[in-house]
Each structure stands twice: as structure tokens, then as C-alpha cells.
Amino acid sequence: MNIIQKIRKNQEWLIQGFFVSLVGGWCLSAMLRGIPRQISQLNDNKLLSFPTTVIFFCICTAVFAVLFYLKDNVARLSMFTIVYLFLILCACNGYGVSWETFSNNTIGNVCYQGILCFMGVLAFLYVKEDIYALLKLFRLSRKKINVIVMIIGILLFAFVGAITVLRYLTYSSSTFDFGIFAQMYEYMRQKGTMETTLERNYLLSHFGVHFSPIYYLGLPFYFIFPSPVTVQLIQALMIALPLIPIVLLCRHFKLSGWVSVGLALLYALYPATSAGAFYDIHENCFLTFGILMCVWAIEKNKNIMTAVFVLFTFLVKEDAAIYLMILGVFYIFSRKDKKRGAILVIASAVYFLIAVSIVKSYGLGVAENRWSNLYVDSQGGMFQIIQTILANPAYAMTQLIADAPSDEMRKLQYIMLMMVPVAGMLFATGKKYSRYLLLAPFILFNLLPVYQYMHDITFQYNFGVIALFLYIIIMNLAEMKTDKTNTVLCVSLICAGIMFAGNNLPKLSHYMSSYYENKAVLQEMNTALSTIPKEATVSASGFLTPHLSNHLQLWDQRHLKDGEDKNAEYLAIDTRYGTPEEKFNFLISSGKYQQIYKTNNIVIYHKK
């Protein structure tokens, strides 16, 4: 057989080898030359040197060609690994780019991640059979699944805990909202009440803002370790715990071991999961675990467990009842469990009205003004919100993309971050249209309001939605054929990993660098605040209040009225970001206070 005949016989193999070697060599040579760090630069002569580029490219391509000749499946898997690693590095480095300046695109980072996701999915589809064959070599027992998921949970806890604790240690957490809850836990420890002087700058029960008795579950930990660090770690724990009901639901729906592990990993990598903690603890962090455990108990027909976790979820927040109400409506219309569905709807409606009444009785009422874009007139209120949705659904639909401020495209960015990693599994429902009812909270709570924090993955308003997304996904995967299940899950994992690298992972690097590079400054600030007696009344800058949260009489100076000093014995002023704000200047110039401690970053005054 001559050379031409051999080439024709192995034509497909040769083309595949050429493609694998070319793509793998291209990405490997780019990584070795540090290209992922040059996203927004095109002026490095060393990197752009054509001879250097060609030499690196040829060497790396030759390495892949030899590998393909020796073991083609290993070469394909290596090519995918290198490509995906290259995309991950690009996503990480995209976090630090000023996209509005660089590309005139205010949401350039997430758009760039979308391109990276597309490339990652293409690379996966090319080698998916090799990946499946590799996974089949490893059979997972229930014990192994539990161990792997436990490791994922520990890593998730450590990641969220490290970022949130470092935020506190680096004086990056402020009064709103961490100072509020850090001081509230101190009130709970000393007096048993959920009071705080920081939430509205006067002594107020948190029940006047949200009805959240669930915080008492964390009080035993705070009694043992009375520190703001403990408060942050409570949230990290609650974000990791939903892995338990995820695995339990996977077993109930008879999903394979690898799918169970994949969904656990997807939850951990899903951008909104850990990002919801980036502005410190909020009661919503209890929602994902409560809702998913409730779903599991209902699916298993465990009435007592259902009652326990329904109550658990109710106690998170007054609007938590709405998630369970919609869940109950789903059970009615899906014919899964009409009786329990009806009970859940009625119980949720009654509890919601009771909880709202309690909040109103404490003086402030629920935050209906976040849906002010749906008000018919200046009077506003919940009735007008419902009226607008029912009477003018065309206008209501326009609000799904309405932004405030108008030029930032926050909602489009939010929709991409929430949907790209999971859309393939969320909408593979076939004719099970009732499952779309579970998307209602996503629309009502996150997309309809123009309150910008409700459509931002770095705030706490996504934890309930994540639980319902996962429930839909698990039900959908249970009805798919094995090959389709594996494909859509792997595609989701690839996208989630890239978006996690582009939005979440750089946060850890940022806060670690901030901590280690400013250790002397932070120690200096800690020393300065330690000069204030624990029983003293203090008025402080916003970034200092979390570190003074053991003071029961503590005020955020930004919210003092003109000339008001709240009889503060001490003023603690953070000077890292410029001169003291006007209300501090007024108090200082009044002559009532004398300076007793000063560094480059903090100044302490004592009342004469």
C-alpha cells in the first residue's frame, strides 16, 4: 500500500489529529506566553514577537501531534483540558478589565464570558464521548458520592467563609448591612432581643424591617464564639448545607451518582451561589436549604418533616412564604400532590399576612417601594402593584428589562449570569408547563422591580430562586435519556465554571491581597479602636461599625441629623478615603470633642 492509499484510508484520523494538535498547541503556547493576562493590551512587543509566537506554536503543536499519534483519546482529552484552562484564565483576567472604557460596553465582562462559554462548549462536544468513557471507568458507590459532595461542601464553605471573613478583617464590610447584623447578634447575646441602633440610627428591633426569627438558630454558635467572624461563618455554613437536600432529591428521582455529584458541583460553581454572600450575611442565606428540604420532605411524603421545614422557611423572612405559596400552586397544577399543595398555599398566605402585620406593628412595614415602578400613583402600595400586573400586563413586561440607572444594562447582565449556566436544563420540560410556575419568584422578586440590588448576583436576593431552579432541573434531568442528561449537565458545568472564574474567584484573590499587603495598617486600626472602652457610646464611620459592634450604643455618623451627636462619648473616624464627612466635621468644630488618637488611617475623639 503506497503513501497516498494510507493517507486516504486514515484520512479522518489525520484530519482529527491535525485539528487536535493545532487547537491544543495554539492554546498551550498562548498560556505559556502569558496571553490570558493581556486581554486589554496590544502593545507588548515581546508577546507579539512573530518569531517567538511561531516557535512556541510549532513546539506545542508538535507535542500534541506526537501525543495524538501515541494515544489519540488522551490527546483529545488533553486538548480539551488545555482549552478549558485557557478559557478559565481568560475569564479570571477579564474581571480586572475596565470594559466600559476598553470596549464601550458596560456589561462587557459578562458578554466576554458568554463567548468563552460558547468556545468551551464547542471543545466539550468534540470530546464528550472520551469524557463519558473515562467516567465509566470510575463507579461511584453511595459512600463515595457522600465523600465527594462533602469535599465540595467544605470547599464551598471555605471559599465563602474566607471571602466574607477577609472582608471584615480588611475593614471592607460596612454598617449596611454587616454592621447591623453583627451588632444585632451582640444584642441577642446580651439581651436576647434582635435590636440594633445601626439599622435606622435609633434603637430598633430588626422585626421592624424584616420578620426573621431564623437568626436565633445561629445564636448558640455566637454564644460560644462571640465575634463578627462567627456571624460571617454562619452564612457560609448555610450556603454549603443545601448540598444535603440536593443529593437527597437526586436519590429520590433516581439520578445516577455522577449526575448527583455534577449537580452538587453545579450548585457550588453557580455564580449566584457564593456571590450572594459578597455583601455579608443576610437572612436570605437560610432560604436555599429551607426550601430544598421542604421540597424533599413533600416528595417523600414525610408530613412531620414537611411541617418542620415549612416553619423553618417561614421564619427566614416575611416574603419567604411567597416562595412556598408558589410551590404549593405548582403542586396543585402539576397534579403531583393537590392536597399538600392546597395546604401549603393557605398556610403560606396566612403566615405572610401575619408576618407583614408583625413588621408593620414594629413601625416600618415591608419594603413595597422597591416595586415603585409599578405604582399607579404616588400613594403606591402592594394593591397598586397587583393592579398594574393584572390591568396592564404589557407595561409590566416592559419592566422586566427596565433599569435604574438607565445606562448600565444591569438586568441584561443579571439574566445572562443567572440563565447561561442552567438554561439548557431549566427549559427542557417537554410538556410539563406547570414547572414554569416555579420561575415566578425570579420574575416577581428579581426582574420586575427597578431596585438595582434585586437583580445583582452579588446581593442576597437570589437564594430562594436558586432552590426553585434546582428543583426544576432535577425533575427535568430525571425524565431525560442518559446521554442527553450527561450532555446538558456537562454544558452547564462548563459555563458555570467559566462564569465562576470571571465573577467569583477573583474576589478571593482581591481580599487576600488586601489583607496581606495592608497587615500593618489593619493592625494599627485594630489598636486604635481597642482604646475605646466596651461600654462607651460611639459614633463611627461606616467601615468601622462592624469592628465596634460589641457597643450597644453605636451610631453611623452618615445618618446623624445636623448638629446631632447622640451623646456619643467617642467619635471613630475612618480617614482612608479622604477627609471626615461633614457631620463629623461639624461635631469636631463644635469644640465638644478632643483628639486622643491619630494615625494615617483612623482618628479617635473623646467628648470633653
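Our subject is the structure that appears above.
Each residue is numbered by its place in its chain's sequence as written, counting from 1. It should be noted that, the model being predicted, local features are given only for residues of pLDDT at least 70 and side-chain atom pairs only at 80 or more, the latter also being counted only at that level, while totals for whole chains, interfaces and linings use all residues. Hydrogens are left out, water is left out, and the side-chain values use all remaining heavy atoms of the structure.

A separate point is the pattern of salt bridges. Side chains carrying opposite charge are able to pair once their charged atoms draw close together. A pair is scored as a salt bridge if a Lys or Arg side-chain nitrogen falls within 4 Å of a carboxyl oxygen belonging to Asp or Glu. Taken as a whole and assessed by the stated rule, the structure comprises 10 salt bridges. The salt bridge involving Asp 337 is made with Arg 340; its shortest N-O contact spans 2.7 Å. A salt bridge links Asp 574 to Arg 576; the nearest nitrogen and oxygen atoms lie 2.8 Å apart. Type-normalised accessible area, obtained with a 1.4 Å probe on protein chains alone, sets the label of each residue: buried when under 20%, exposed when over 50%, and partly exposed for intermediate values. For Asp 574, a relative accessible area of 9% puts it in the buried group. What makes Arg 576 partly exposed here is its relative accessible area of 23%. One connected set of salt bridges, linked through shared partners, spans Asp 72, Arg 76 and Asp 130.

In this section: the side chain of Glu 186. To qualify as a helix, a DSSP run of H or I must reach at least 4 residues; to qualify as a strand, a run of E must reach at least 2; elements of each kind are numbered from the N terminus. With respect to the helices and strands, the residue Glu 186 is situated in helix α9 (residues 175-191). In this structure Glu 186 comes out as buried when scored by relative accessible area, which is 3%. In the analysis that follows, any N or O atom pair within 3.5 Å is treated as a polar contact, provided that within protein one partner can donate a hydrogen and the other can accept it, and provided that, for residues neighboring in sequence, both atoms belong to side chains. A polar atom in the side chain of Glu 186 sits 2.5 Å from the side chain of Arg 189. Not counting chain neighbours up to four residues away, the residues in contact with Glu 186 comprise Tyr 222, Ser 549, Asn 550 and Leu 552. Throughout, a contact is declared for two residues whenever any of their heavy atoms are within 4.5 Å.

Structurally, Asp 456 is set in the loop between α23 (440-447) and α24 (463-479). By relative accessible area, Asp 456 is classed as buried at 17%. Every residue in contact with Asp 456, bar those within four places of it in the chain, is listed here: Arg 410, Tyr 414 and Asn 462. A polar contact of 2.7 Å, which involves the side chain of Asp 456, links it to the side chain of Thr 458.

Residue placement: Asp 565 occurs in the loop between β4 (554-556) and β5 (570-574). For Asp 565, a relative accessible area of 9% translates into the label buried. Sequence separation between Asp 565 and Tyr 375 is 190 residues; the distance between their C-alpha atoms is 38 Å. Those residues in contact with Asp 565, other than ones at most four positions away along the chain, are Leu 587, Lys 592, Tyr 593 and Lys 607.

For a helix, the expected span equals 1.5 Å multiplied by the residue count minus one. Its 21 residues place the ends of helix α4 (residues 50-70) 30 Å apart at the C-alpha level, agreeing with the 30 Å of an ideal helix rising 1.5 Å per residue. All buried positions along α4 are accounted for by Cys 60, Thr 61, Phe 64 and Phe 68. For α4, the buried positions fall inside an angular range of 105° around the axis, keeping them on one side. Residues of α4 that are exposed and point over 90 degrees away from its buried face: Pro 51, Ile 59, Tyr 69 and Leu 70. Contact partners of the buried residues in α4: α2 (11-32) and α5 (72-94). It is the directions from the helix axis to the C-beta atoms whose arc is reported.

Put simply, two rings from Phe, Tyr or Trp (the six-membered ring, in Trp's case) pair if the centres are within 6.5 Å, and we call them stacked under 30 degrees between planes, edge-to-face over 60, tilted for the rest. Using the criterion set out here, one finds 36 aromatic pairs in the structure. Considering the side-chain rings of Phe 289 and Phe 309, the 6.0 Å spacing of their centres and the 80° angle between planes classify their relative orientation as edge-to-face. Here Phe 289, found in helix α15 (residues 287-299), pairs with Phe 309, found in helix α16 (residues 303-314); they are 20 residues apart in sequence, far enough to count as distant. Residue classification places Phe 309 among the buried residues on the basis of a relative accessible area of 10%. Cluster of aromatic residues (ring-pair linked, three or more members): Phe 181, Tyr 185, Tyr 215, Tyr 222, Phe 286, Phe 289, Phe 309 and Phe 312. Counted as over-ring charges are cases with an Arg CZ or a Lys NZ within 6 Å of the ring centre that also lie within 35 degrees of the ring normal. Over the ring of Tyr 279 we find Arg 167, and its NZ or CZ is 5.2 Å from the ring centre.

With that settled, consider the environment of Leu 315. Tracing the backbone through its elements, the reader meets Leu 315 in the loop between α16 and α17 (320-333). The contacts of Leu 315, once residues within four sequence positions are left out, are Phe 211, Ser 212, Pro 213, Ile 214 and Tyr 351.

As a rule, the C-alpha atoms of each element are fitted with a line to give its axis, helices using only the stretch in contact, and angles between N-to-C directions run from 0 to 180 degrees. It is at 9 Å that the axes of helix α13 (residues 257-269) and helix α25 (residues 482-503) come closest, and there the two elements cross at 25°. What the angle tells us is that α13 and α25 run roughly parallel. By crossing handedness, the relation of α13 to α25 is classed as left-handed. Note on element contacts: α25 touches α13 through Thr 485, Asn 486, Leu 489, Ser 492, Leu 493, Ala 496, Gly 497 and Phe 500, opposite Val 259, Gly 262, Leu 263, Leu 265, Leu 266, Ala 268 and Leu 269. Grouping the constituent residues of the contact of α13 with α25 by class yields 10 nonpolar, five polar and no charged. Here roughly perpendicular refers to angles of 65 to 115 degrees, roughly parallel to angles under 35, roughly antiparallel to angles over 145, and oblique to all remaining angles. Here is the rule for handedness: rotate from the far helix to the near one, and if that takes an anticlockwise turn smaller than a right angle the crossing is left-handed, while a clockwise turn gives right-handed. Residue polarity is assigned by list, with Asp, Glu, Lys and Arg as charged and Ala, Val, Leu, Ile, Met, Phe, Trp, Tyr, Cys and Pro as nonpolar; anything else, Gly included, falls into the polar class.

The values are spatial; any link to function lies outside them.
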